[in-house]
Number of protein chains: 2
Amino acid sequence: MDNNESRNGLPRRRVSRQIQIAGVKVGGGAPVSVQSMTNTDTRDAQATINQIKELEEYGCEIIRVAVPDMQAAQALKIIKKGIKIPLIADIHFDHRLALAALANGVDGLRLNPGNIREAEKIKQVVLLAKDRSVPIRIGLNAGSLPKTNNPRLSVSTRMVKAALEQVELLESLDFNLIKISLKAFDVPTTIDAYKKMAARVDYPLHVGITESGTPRTGLVRSSVGIGTLLYLGIGDTIRVSLTAHPREEVVAGYEILKSLNLREHGPTLVSCPTCGRTEVNFIPMVDEICARLAKVEKPLKVAVMGCAVNGPGEAMDADVGVACGKGKGVIFRKGEQVKVVPEAEIIRELMAEVERM
Amino acid sequence: MDNNESRNGLPRRRVSRQIQIAGVKVGGGAPVSVQSMTNTDTRDAQATINQIKELEEYGCEIIRVAVPDMQAAQALKIIKKGIKIPLIADIHFDHRLALAALANGVDGLRLNPGNIREAEKIKQVVLLAKDRSVPIRIGLNAGSLPKTNNPRLSVSTRMVKAALEQVELLESLDFNLIKISLKAFDVPTTIDAYKKMAARVDYPLHVGITESGTPRTGLVRSSVGIGTLLYLGIGDTIRVSLTAHPREEVVAGYEILKSLNLREHGPTLVSCPTCGRTEVNFIPMVDEICARLAKVEKPLKVAVMGCAVNGPGEAMDADVGVACGKGKGVIFRKGEQVKVVPEAEIIRELMAEVERM
């Protein structure tokens, strides 16, 4: 976990209260967890189980499924039995779906304050969740802000206000297994909302940017938004939203956490952008190394560098590295030069060093 | 430009001194510019010109080329004539290459304090640059920190110290057309170095994360690092380093700036991650819309949403939007519902609305 606070200048993380979603701790100094959401039809329990099992392999730690109708709510019972990670039911509009999801054994609920407005209905859900010690995420979304909300306030203030009303309702029922999210498409609005909420309550925060788009743009928007918040010490669990297969969300989630030294997860590849100094066929070489490293589980830092300018420095700083020159590569292990090999043998020799670690 | 400071809570930008690289203003409140670096062999002037012309089409505003030898330095004269955007020569080790680059008409120099250490040689370069009013970037890289530097200090402090020594040398020659970069692979180290430097001098800062890797991981690392710095108000020009074709760097650069409302650049697509509530064939539809929007130059916000939960809210907030339901889509324009169309006609009707804008 993050022990780079003083060494790397990462500001201190916000101290949040800890909740537990089945076996996964969220907040209170627990590792920032990575979650995703299925995009199968939840009513098709087997397809949903299959997708969740694939996501488990990629390291997904909490999974959420949409529950649009009672048939989907019933399928949760089967899904829960087929998977290992905690299951969260995503509920909109109809509180009866939340009651059914709880009865079917889900580990968490996500409710949207924008669309279940009657206190009496929410109360029924909260009392059953309390009875079963199931946490509830108050999952506010700028796209579905309550209409009664004061339109003269800024969007972020309205989001915080709407979420806090729900927090107060849950607290009035003596329920405090609360997690909060405040997602918008606009990144500064999202950051602002989380900062304001972080200053108001100590509940753990689920951080994400909503509707952020296809991988090319969504990866950037999510990384900027989630990354900035995590840098500022805000965020206890994250979900990257992408218009893509959810496995891409899990991979991206870990990359964000790795970039801030908040989690380790498999190898980290350091590779240069190539330039007019590169004298080997570099991009295909890096792609091949990248593909081979995908099967390595140990958190190693592997540097593949195209020239002699920054090459030796970065390669020496990595667990295993290569600095390429004209048609050859110098292999490094833990800062020591191991050997010089011709270009055709770079991949094999580098991977041999990786295997040795 | 950024007019969201109060509305969206983006902190005030650092006030920097302005320099000008040919026609492009950097710092002093100028728009944050997007730059890239060629990966052709600079000695092949035509190949380099062709790549730069492609990058110009993607919106690249400043281009840098590696100058590894005298033949490359001579090619700069031809390259300069074949392109529109400012040309920067990237020089390491040999100050004579910098002198030749200046003589051949480059608009900027990048020097690495880690590898041209003799003050007398740097002085020759600086005096010629001063004579021609050509700015110099002091481009420090954690992978090539001077070895004489005190190893007991943190990496970010050593980076700042090494760059400041170079700044002082340039200032002692009455040269102040200075830009500074402090890149590391480690994101918190990079952020820390820029924050420290921002507090010490008012020169414009060129921001980037070095050796950040292939698009999948490099996009995340660059977005987290550059995005966090820009959010904190630091950064006057940016370069995303990716082990990929440089056009990907330009596209990513604009996406980072757009995500923080610092620049507009073509359409912005809002699209949901899909879930068990989606009742149309969504991902291929979004991919197709994304491809068609690539040809639109106007900065429009286009929302493509899969269901009725956040769909209408996001679609109404966009310039043009669609909220999908079961086998159909509701088209919105500027917050007004325009029509309901069957699934097969969504793309055509949405693009027709985009054309109308």
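What counts, and at which threshold
- Residues numbered from 1 in each chain as written.
- Chains lettered and ligands numbered in written order.
- Predicted model: local features only at pLDDT ≥ 70, side-chain atom pairs only at ≥ 80, totals over all residues.
- Heavy atoms only, no water.
- Helix = DSSP H or I, 4+ residues; strand = E, 2+ residues; numbered from the N terminus.
- Polar contact = N/O pair within 3.5 Å; in protein donor to acceptor, adjacent residues only side chain to side chain.
- Pairing = 2+ DSSP bridges.
- Axes fitted to C-alpha atoms, helices over the stretch in contact; angles between N-to-C directions.
- Contact = heavy atoms within 4.5 Å.
- Buried < 20%, exposed > 50% of the residue type's maximum accessible area, 1.4 Å probe, protein only.
- Right-handed = clockwise from strand over helix to strand, strands pointing away.
- Buried area = accessible area lost by both parts, 1.4 Å probe.
- Salt bridge = Lys/Arg side-chain N within 4 Å of Asp/Glu carboxyl O.
- Nonpolar A, V, L, I, M, F, W, Y, C, P; charged D, E, K, R; others polar.
- Phe/Tyr/Trp six-rings, centres within 6.5 Å; stacked < 30°, edge-to-face > 60°.
- Lys NZ or Arg CZ within 6 Å of the ring centre and 35° of its normal.
- Left-handed = near helix turned anticlockwise from the far one by under 90°.
- Least-squares fit on C-alpha atoms with pLDDT ≥ 70 in both.
- pLDDT = per-residue confidence, 0-100.
- Parallel < 35°, antiparallel > 145°, perpendicular 65-115°, else oblique.

Colleague: What is the right way to read the side chain of T189(A) from this model?
Modeller: For T189(A), the location among the structural elements is in helix α7 (residues 187–198). For T189(A), the side chain forms a polar contact with the side chain of D186(A), separated by 2.7 Å.

Colleague: I keep staring at the sheet that holds strand β12 (residues 301–305) of chain A and nothing clicks. Help me out?
Modeller: In a beta sheet, neighbouring strands pair by backbone hydrogen bonds and run either parallel or antiparallel. Residue and element names in this part refer to chain A. One open sheet accounts for five strands, arranged β11-β12-β13-β14-β15; its pairing is mixed. Strands with a single pairing partner mark the edges of an open sheet, and in this sheet they are β11 (268–271) and β15 (336–342). Strand-to-strand twist in this sheet, taken as the mean axis angle between neighbours without regard to direction, amounts to 15°. Strand direction decides the pairing type here: β12 and strand β13 (residues 320–325), joined by four bridges, are parallel. The partner of M305 across the bridge, within β13, is A323. Across the sheet, helix α10 (residues 282–293) lies against β11, β12 and β13, angled at about 165° from β12, the strand it touches most.

Colleague: I would appreciate a short explanation of the pairing of strand β6 (residues 108–111) of chain B in the present structure.
Modeller: Along any regular strand the residues' side chains alternate between the sheet's two faces. Residues and elements named next belong to chain B. The two faces of β6 match: G108 and R110 on one face and L109 and L111 on the other face are all buried. As defined by bridge partners, strand β5 (residues 87–91) adjoins β6 across four bridges and the pair is classed as parallel. Across the sheet, the residue bridging to I88 is G108, located in β6. The parallel pair β5 and β6, bridged by helix α4 (residues 95–103), forms a crossover whose chirality is right-handed. Direction of pairing for β6 relative to strand β7 (residues 136–141): parallel, over a ladder of three bridges. Within β7, the position partnered with R110 by the bridge is R137. Taken together, β6, helix α5 (residues 119–131) and β7 form a β-α-β motif whose crossover is right-handed.

Colleague: So what exactly am I meant to see when it comes to α4(B) here?
Modeller: In an α-helix, one turn spans 3.6 residues, which is why side chains three or four residues apart end up on the same side. Residue and element names in this part refer to chain B. Among all positions of α4, only H95, L97, A98, A100, A101 and L102 are buried. If you follow the buried residues of α4, they end up packed against α3 (70–82), β5, β6 and α5. By the N-cap criterion, in which a side-chain oxygen at the helix start approaches the backbone nitrogen of a residue two or three places on, α4 is capped by D94, the distance to R96 being 2.9 Å. Two residues or fewer past α4, G105 is found with a positive phi of approximately 90°.

Colleague: Can you walk me through the interface of chain A and chain B in this structure?
Modeller: If you look at the interface, chain A gives 82 residues, while chain B gives 82 residues. Both faces combined, the contact of chain A with chain B buries some 6300 Å², and carbon together with sulfur accounts for 58% of it. Summed over the shared surface of chain A and chain B, the result is two salt bridges. Across the salt bridge formed by D90(A) and R277(B), the nearest N and O atoms sit 3.0 Å from each other. Mapped onto the side of chain A that touches chain B, the elements with two or more residues apiece are α1 (5–8), α7, α8 (215–231), α9 (246–259), β11, α10, β12 and α11 (311–317) of chain A. When grouped by side-chain class, the residues that make up the side of chain A that touches chain B number 31 nonpolar, 33 polar and 18 charged.

Colleague: Honestly, the packing of aromatic side chains in this entry has me stumped. Any pointers?
Modeller: How two aromatic rings sit relative to each other is given by the distance of their centres and the angle of their planes. Using the criterion set out here, one finds zero aromatic pairs over all chains in the structure. The ring of F185(A) has R221(A) lying over it, and the distance from NZ or CZ to the ring centre is 3.8 Å.

Colleague: I would appreciate a short explanation of the sheet that holds strand β11 (residues 268–271) of chain B in the present structure.
Modeller: Residues and elements named next belong to chain B. Read across the open sheet, the five strands follow the order β11-β12-β13-β14-β15; overall the sheet is mixed. Every other strand in the sheet has two partners, leaving β11 and β15 (336–342) as the edge strands with one partner each. On average, each strand axis in the sheet is inclined to that of its neighbour by 15°, with strand direction left out of account. Pairing of β11 with strand β12 (residues 301–305) involves four bridges; the strand directions are parallel. Within β12, the position partnered with L269 by the bridge is V302.

Colleague: Just to check I follow, could you spell out the packing of helix α2 (residues 45–57) of chain B against α3(B) for this structure?
Modeller: Residue and element names in this part refer to chain B. One way to put it is that α2 packs onto α3 with a least axis distance of 9 Å and a crossing angle of 35°. Once α2 is placed against α3, the crossing between them reads as right-handed. Residues A45, T48, I49, I52 and K53 of α2 touch α3, and the partners they reach there are A75, I78, I79 and G82. Residues belonging to the contact of α2 with α3 are distributed by class as follows: six nonpolar, two polar and one charged.

Colleague: Help me understand the pairing of strand β3 (residues 33–37) of chain B, please; the structure alone is not making it clear to me.
Modeller: Residue and element names in this part refer to chain B. Of all the five residues making up β3, five are buried; the element is thus mostly covered by neighbouring parts of the structure. Burial of β3 is two-sided: the residues S33, Q35 and M37 facing one way and the residues V34 and S36 facing the other way are all buried. Across three bridges, the pairing between β3 and strand β10 (residues 237–239) is parallel. Paired with V34 across the strands is I238, a residue of β10. Once you follow β3 into α2 and on to strand β4 (residues 62–66), the crossover reads as right-handed.

Colleague: Could you clarify how one ought to interpret the relation of the copies chain A and chain B in this entry?
Modeller: Each of the two chain copies goes to the other by way of a rotation about an axis and a shift along it. Mapping chain A onto chain B leaves a residual RMSD of 0.0 Å; the transformation is a rotation of 180° accompanied by 0.0 Å of translation along its axis. Taken together, these values place the two copies in the relation of a two-fold axis. Of all interface residues in chain A, 100% are interface residues in chain B too; the two copies therefore contact each other through one and the same surface.

Colleague: Could you clarify how one ought to interpret the environment of E248(A) in this entry?
Modeller: Its location among the elements puts E248(A) in helix α9. With relative accessibility at 23%, the residue E248(A) sits in the partly exposed group. Separated by 149 residues in the primary sequence, E248(A) and L99(A) place their C-alpha atoms 31 Å from one another. Residue contacts for E248(A): discarding those within four places in its chain leaves L242(A) and R216(B).

Colleague: What am I meant to see in the confidence of the model for chain A here?
Modeller: Caution is warranted with low-pLDDT regions, since their predicted coordinates should not be read in detail. Looking at chain A as a whole, the pLDDT averages 91, with 97% of positions reaching at least 70. For the stretch residues 1–8 of chain A, pLDDT sits under 50, and the model shows 19 contacts to residues farther than four places along the chain or on other chains.

Colleague: Can you help me understand the packing of α8(A) against helix α8 (residues 215–231) of chain B in this one?
Modeller: Between two packed helices, what matters for the description is the angle formed by their axes and the separation of those axes. It is the contact of α8(A) with α8(B), at a shortest axis distance of 8 Å, that shows an interaxial angle of 50°. If you check the angle between α8(A) and α8(B), you find them oblique. Regarding α8(A) and α8(B), the two cross each other, and that crossing is right-handed. Contacts from R216(A), L219(A), V220(A), S223(A), V224(A), G227(A), T228(A) and Y231(A) of α8(A) reach α8(B) at R216(B), L219(B), V220(B), S223(B), V224(B), G227(B), T228(B) and Y231(B). Taken together, the residues that form the contact of α8(A) with α8(B) break down as eight nonpolar, six polar and two charged.

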